[in-house]
Amino acid sequence: MSGRILFLGGNGMIGSAAAHEAVASGAELTIVTRSAPRRPVPEGARVLNGDVRDPAALAALLGDERWDAVVNWVAFTPADLDGHVEYFGGRTGQYVLISTCSVFGRPVPLLPITESSPRRQPVFGYARDKIACELLLEEAYREHGFPLTIVRPFHTYDETTVPLLSGWTAVERMRSGAPVVVHGDGTSLWTLMHSSDFARAFVPLLGEGHAIGESVNVVSGDALTWDQIHLELARAAGALEPLLVHRSSQTIAEEIPGWDEVLEHDFRHTMLFDTTKLRRLVPGFAPQVSFAEGARRIVRHHDAHAEARGIDDELAAAFDRLAARSDRSRVV
């Protein structure tokens, strides 16, 4: 695409990938951030230091500049949007809120998940606040024509992240033949997307009128079981016969209390998405990085960076205890 694009934040994994994709596609990109970018900024992008949550400071920084698209990566509560409707309403052709597919209630009443699936999240404050952000901006769109597009990623990763609650600890244990605990029976379906694939799907939505007023789940249509996710990582790490031990979410929570809510209200549920709207808005899009390839990239990166190969000794001990105990709970 071409055009003037403004990123409010966007220093994280998917924001950085999107920045590189936007510049590569011809966009004139400006990034506003409070601190030095954590990841490399693409050559040619302009970086401004400022607080995107301070309306007056943001207005002083940007003045009367106009944009084809503004992307807000860092709106986590409605308060983070104070003044944005008024300031950007006449200065951009499109305002993109980065939300999350975690807004959809669990268990999902009807699979696959679409953009119109029910939004409900009574437990996780992050997702509950994202729903509130969506509702606030949707009202501005309905009442005042605010040029809103909502984009919802799901579980994204790149070579720096292991998409498991147990992180690199699980990979090292599979390499050594030690047991790794998988919740339930390992067959619930989950959707992962590489950050580069997210960027390829996301950037064509910017500066285009056909996405105004839409919410779009930017996700891969592929689905893996949790056993498959572990096994792909094990294969990439050279662990041909990993020892996977299945325990219920309730039993795991007895040994690892910090996992209680995320297992009960998130990971144990099948999350399968319909990507019809995304493919209609971005014709020809298809993910290019399979998880088999993504797993190989993860292992190569971690093997090359000793500082990334952190082991959680408390978690390892909890896995050993879970492997040794029986599980009389319902397997979920």
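Conventions adopted
Residues numbered from 1 in each chain as written. Predicted model: local features only at pLDDT ≥ 70, side-chain atom pairs only at ≥ 80, totals over all residues. Heavy atoms only, no water. Buried < 20%, exposed > 50% of the residue type's maximum accessible area, 1.4 Å probe, protein only. Helix = DSSP H or I, 4+ residues; strand = E, 2+ residues; numbered from the N terminus. Arc of directions from axis to C-beta. Contact = heavy atoms within 4.5 Å. 1 Å grid on protein atoms, 1.4 Å probe; cavity = no way out; pocket = protein on both sides within 12 Å on 5 of 7 lines; lining within 4 Å. Points joined across faces, edges and corners; volume = space filled by probe spheres on them. Nonpolar A, V, L, I, M, F, W, Y, C, P; charged D, E, K, R; others polar. Pairing = 2+ DSSP bridges. Axes fitted to C-alpha atoms, helices over the stretch in contact; angles between N-to-C directions. Polar contact = N/O pair within 3.5 Å; in protein donor to acceptor, adjacent residues only side chain to side chain. Parallel < 35°, antiparallel > 145°, perpendicular 65-115°, else oblique. Left-handed = near helix turned anticlockwise from the far one by under 90°.

J.: Sorry if this is basic, but what is going on with helix α9 (residues 260-267) here?
T.: In an α-helix, one turn spans 3.6 residues; hence positions three or four apart end up facing the same way. Listed as buried for α9 are Val-262, Leu-263, Asp-266 and Phe-267. Buried residues of α9 fall within an arc of 110° about the axis and therefore sit on the same side. Looking at the packing, one finds that the buried side of α9 touches β7 (155-157), β8 (180-183), β9 (189-190), α7 (226-236) and α8 (249-255).

J.: Is there a simple way to think about the layout of surface pockets in this case?
T.: Gaps left between atoms show up when a probe the size of a water molecule is rolled over them. Reported here for the largest pocket is a volume of approximately 790 Å³. What lines the largest pocket is a set of 42 residues, among which Ile-14, Trp-73, Phe-76, Tyr-126 and Thr-156 lie closest to the centre. Of all the secondary-structure elements, those providing two or more residues to the lining of the largest pocket are α1 (13-24), β2 (27-33), α4 (125-144), β7 and α9. Here the lining of the largest pocket is built from residues that sort into 21 nonpolar, 14 polar and seven charged.

J.: When you look at the side chain of Thr-169 in this model, what are you seeing that I'm missing?
T.: Within the secondary structure layout, Thr-169 lies in helix α5 (residues 167-176). Judged by relative accessible area, Thr-169 falls into the buried class, the value being 3%. What Thr-169 contacts, discounting residues up to four positions off in sequence, is Gly-310, Ile-311, Asp-312, Leu-315 and Ala-316.

J.: Where do I start with the sheet that holds strand β6 (residues 148-152) in this structure?
T.: Strand pairing in a sheet is mediated by backbone hydrogen bonds. Such pairs are either parallel or antiparallel. In spatial order, the strands read β3-β2-β1-β4-β5-β6-β11; together these seven strands make up an open sheet with parallel pairing. A single partner strand is all that each edge strand has here, and the edge strands are β3 (46-49) and β11 (215-217). Each neighbouring strand pair of the sheet contributes to a mean axis angle of 20°, computed without reference to strand direction. Bridging between β2 and β3 involves four bridges; their strand directions are parallel. Note on β3: the bridge partner recorded for Ile-31 is Val-47. Relative to the sheet, α4 contacts β5 (95-98) and β6, its axis offset from that of β6 by approximately 155°.

J.: Any chance you could explain α5 here in plain terms?
T.: For α5, a buried count of seven out of 10 residues is recorded, marking the element as mostly surrounded by other parts of the structure. Looking at the buried residues of α5, the elements they touch are β8, α7, β13 (244-247), α11 (291-304) and α12 (313-324).

J.: Looking at this model, I keep getting lost on the environment of Arg-309. Mind explaining?
T.: Within the element layout of this structure, Arg-309 appears in the loop between α11 and α12. In this structure the side chain of Arg-309 is engaged in a polar contact, spanning 3.0 Å, whose partner is the backbone oxygen of Asp-303.

J.: Could you clarify how one ought to interpret the packing of α7 against α11 in this entry?
T.: Across the interface, α7 lies against α11 with an axial gap of 8 Å and an inter-helix angle of 50°. By the criterion of interaxial angle, the relationship of α7 to α11 is oblique. Considering only the axes of α7 and α11, their crossing is right-handed. Here α7 contributes Ile-229, Glu-232, Leu-233 and Ala-236 to the contact with α11, which in turn contributes Phe-291, Ala-292, Ala-295, Arg-296, Ile-298 and Val-299. Its residues assigned to classes, the contact of α7 with α11 shows eight nonpolar, no polar and two charged.

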